[in-house]
Amino acid sequence: MRKKGLTLNQEFILELKKISNNVKLKEEMKLHTTFRIGGPADYFVEPESKEEVRELLLLCRREKMPYYILGNGSNLLVGDKGFRGLIIQIGKNLSQVTFSENRVVTAETGVMLSKLAIQIAEKGYTGFEFAGGIPGTLGGAVTMNAGAYGGEIKDCIVSAEVIDEEGNIFVLSKEELNLGYRTSIIQQKSYIVLAASFQFEQSEKKAVLDTIADLNQRRREKQPLNYPSAGSTFKRPEGYFAGKLIMDAGLRGYRIGGIMVSEKHCGFVVNVDNGTAKEVLMLIEEVQRRVFEQFGVHLEPEVRMIGEF
Ligand SMILES: Cc1cc2nc3c(=O)[nH]c(=O)nc-3n(C[C@H](O)[C@H](O)[C@H](O)COP(=O)(O)OP(=O)(O)OC[C@H]3O[C@@H](n4cnc5c(N)ncnc54)[C@H](O)[C@@H]3O)c2cc1C
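As recorded by an unreviewed UniProt entry, the protein chain carries the name UDP-N-acetylenolpyruvoylglucosamine reductase and is attributed to Velocimicrobium porci. The UniProt entry for the protein chain carries the following comment under Catalytic activity (unreviewed entry): "UDP-N-acetyl-alpha-D-muramate + NADP(+) = UDP-N-acetyl-3-O-(1-carboxyvinyl)-alpha-D-glucosamine + NADPH + H(+)". Under the Function (unreviewed entry) heading, UniProt states for the protein chain: "Cell wall formation."

Trainee: Explanation requested: the side chain of T233 in the structure shown.
Mentor: Its place among the elements puts T233 in the loop between β15 (229-232) and α9 (242-248). At 3.0 Å, the side chain of T233 forms a polar contact with the backbone nitrogen of V269. Apart from the residues lying within four places of it in its own chain, the contact partners of T233 are G267, F268, V269, I284, P301, E302 and V303.

Trainee: Teacher, can you tell me more about the nonpolar core here?
Mentor: When a protein is soluble and globular, its nonpolar side chains tend to lie buried together. The biggest cluster of nonpolar side chains holds 36 residues, and the ones touching the most others in it are L116, F128, L138, I157 and F198. Per element, the largest residue contribution to this core is five residues, and it comes from helix α3 (residues 113-122). With sequence-adjacent residues up to four places away left out, F128 is seen in contact with L113, L116, A117, I120, I153, C156, F198 and F200. Of all hydrophobic cores here, the second largest spans 24 residues; its members include L77, F234, L245 and V261.

Trainee: For this particular structure, what's the right way to read unusual backbone geometry?
Mentor: Excluding glycine, residues mostly have negative phi values, and the peptide bonds linking residues are mostly trans. With a phi close to 50 degrees, N178 is a non-glycine residue in the positive phi region. You can see N178 is positioned in the loop between α6 (174-177) and α7 (185-189). A positive phi is found at R182, a non-glycine position, where the angle reads about 55 degrees. Within the element layout of this structure, R182 appears in the loop between α6 and α7.

Trainee: So what exactly am I meant to see when it comes to the site of the ligand here?
Mentor: As a structural note, the neighbourhood of the ligand is formed by 35 residues, with Y68, I69, S74, T137 and G147 the closest of them. Within the contact set of the ligand, an oxygen atom lies 2.7 Å away from a backbone nitrogen or oxygen of G71. At 2.9 Å from an oxygen atom of the ligand is found a main-chain nitrogen or oxygen belonging to N72. The protein chains hide 94% of the 970 Å² of surface that the ligand would expose on its own. Looking at which element gives the most residues to the shell around the ligand, the answer is helix α4 (residues 138-144), with five residues. Residue classes in the shell around the ligand are distributed as 16 nonpolar, 16 polar and three charged.

Trainee: Explanation requested: the sheet that holds strand β1 (residues 23-28) in the structure shown.
Mentor: Two orientations exist for strands paired in a sheet by backbone hydrogen bonds: parallel and antiparallel. Ordered in space as β1-β2-β5-β3, the four strands form an open sheet in which the pairing is mixed. Two strands lie at the open edges of the sheet, namely β1 and β3 (67-70), each paired on one side alone. Along the sheet, successive strands turn relative to each other by an average axial angle of 35 degrees, direction set aside. Note that strand β2 (residues 40-45) and strand β5 (residues 83-89) share four bridges and pair parallel. Looking at the pairing, Y43 lines up with L86 of β5. Its contacts with the sheet place helix α1 (residues 10-19) against β1, β2 and β5, and it is angled at close to 30 degrees to β2. In this fold helix α2 (residues 50-63) packs onto β2, β3 and β5, with an angle of close to 165 degrees to the strand it touches most, β5.

Trainee: Would you take a moment to explain the UniProt feature "active site" (unreviewed entry) in the protein chain for this structure?
Mentor: Those residues carrying the UniProt feature "active site" (unreviewed entry) are R182, S232 and E302 in this numbering. These annotated residues cover 121 residues of sequence, and their C-alpha atoms all fall within 11.4 Å of one another, placing them together at a single site. Those residues in contact with R182, other than ones at most four positions away along the chain, are M144, N145, A146, G147, Q187, K235 and E302. Those residues in contact with S232 that sit more than four places away from it in its chain are G267, F268 and E302.

Trainee: I tried to follow the packing of α1 against α2 on my own but got confused; where do I start?
Mentor: Think of two packed helices as two axes; the pair is described by the angle between the axes and how far apart they sit. Contact geometry of α1 with α2 gives a least axis separation of 10 Å together with a crossing angle of 160 degrees. Here α2 runs roughly antiparallel to α1, going by the angle between their axes. Where α1 crosses over α2, the two elements pack in a sense that is right-handed. On α2, the residues touching F12, E15, L16 and I19 of α1 are E52, E55, L56, L59, C60, R62 and E63.

Cut-off values and rules
- Residues numbered from 1 in each chain as written.
- Predicted model: local features only at pLDDT ≥ 70, side-chain atom pairs only at ≥ 80, totals over all residues.
- Heavy atoms only, no water.
- UniProt positions renumbered as here; feature names shortened; annotations may be inferred.
- Helix = DSSP H or I, 4+ residues; strand = E, 2+ residues; numbered from the N terminus.
- Polar contact = N/O pair within 3.5 Å; in protein donor to acceptor, adjacent residues only side chain to side chain.
- Contact = heavy atoms within 4.5 Å.
- Core = buried A, V, L, I, M, F, W, Y, C linked by side-chain atoms within 4.5 Å.
- Buried < 20%, exposed > 50% of the residue type's maximum accessible area, 1.4 Å probe, protein only.
- Near = heavy atom within 4 Å.
- Areas by Shrake-Rupley, 256 points an atom, 1.4 Å probe, with all protein chains shown as cover.
- Nonpolar A, V, L, I, M, F, W, Y, C, P; charged D, E, K, R; others polar.
- Pairing = 2+ DSSP bridges.
- Axes fitted to C-alpha atoms, helices over the stretch in contact; angles between N-to-C directions.
- Parallel < 35°, antiparallel > 145°, perpendicular 65-115°, else oblique.
- Left-handed = near helix turned anticlockwise from the far one by under 90°.

As C-alpha cells, then:
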C-alpha cells in the first residue's frame, strides 16, 4: 500500500498506460473545473472509447483505486489538496452524434451541450433549446438532470447507455433513469453514462436557433459569466429561490478571501481572485447559517465536492 499523496503507485501507472495513451500524473484539477479551483489528481486519463472506460473501471476495482468521472467540471468543487485516485475525464474523444429516423438523436456522453444543441437545431428539431447555454457535457447533464428556462433532460430523453461498477454495459429507459430535480439513478448507483438518446418534435431551424440565441442572451444579462464559478451553488429550496434568500439575508457581495457571493446574481458563488476550495466551503457554510437563521430554510449545495480540502 502506498503512502497517501506522497509517491505514486508505479505499477498502477504501468497498468494505466497499457489501457490508454492519455495518462497524466499530478494533474492540476483547477485546469479542468469552471471554478478554476482544485489541487492535483494523482492520476488523470481521457479515455478514447467505451472499452477504455470499461477497462479503467475494472482496473480501479481490481486495485481498489478510488476513481471519479469528470465531464466538463462545471458543477464540481475539487479540494485544494487534490484527489487521491484516478480522474476519468470523458470529453471530446467520446462525442459522436448520430441522427436516425423519427427525429431520434443519439449522442456519446462527452459531447458539449452547446454543440449538441446547435446540431439538433440545425435539423429544425425543437425540445433541446434549454440546454444550449449550459456549460457541460451530455454525461454530466444526464447525471444531474440538468435544466434551465423551464426545460430539463427528463423532458426529451428516451434512454441512456450506462456501465455499472462491475463493468456491465446496458441501456436504461427514461423511467429507469429516475430523473428528479438535479438527481438521477446514475448518481445513486454510481453508473457511468456512455451515451443517451433523445426524441424531438419537428420545428423550423431559424426559430430554434433564435430561441437558443435568446436564452444565451438572457444568461449573459443575468449571470456573472465573467467570473469562474460552478453555476448555481445551491439547489432551489421548495417554494423559494436560493438567490433571493441569499440577497434578502444581506449577503450580496459577501466575500471570504478570493471567493464572493456574486453581486450580479446571489445564487452564484464566484471566484474573483484566485480563491481556494476551503474558502468556497467556508462561504457556503456561512451562507447556509445566515439564511437558516433568518428564514428557517436549509440551502443544499448543488455543486458536487470531491478530494481533500
Ligand atoms: C456558468 C454556469 C451556468 C450553469 N447553468 C446551469 C443551468 O442553467 N442548469 C443546470 O442544470 N446546470 C447549470 N450549470 C451546472 C453544470 O453546467 C451542469 O450541472 C452540467 O450538466 C454539468 O456537466 P459537466 O459535464 O460539467 O459535469 P461535471 O461537473 O464534470 O460533473 C458533474 C457530476 O456529473 C458526474 N458525471 C459527469 N459525467 C458523467 C458521466 N459520463 N457518467 C456519470 N457521471 C458523470 C460527475 O461525476 C459529477 O458528479 C451551470 C454551470 C455554470 C458554470
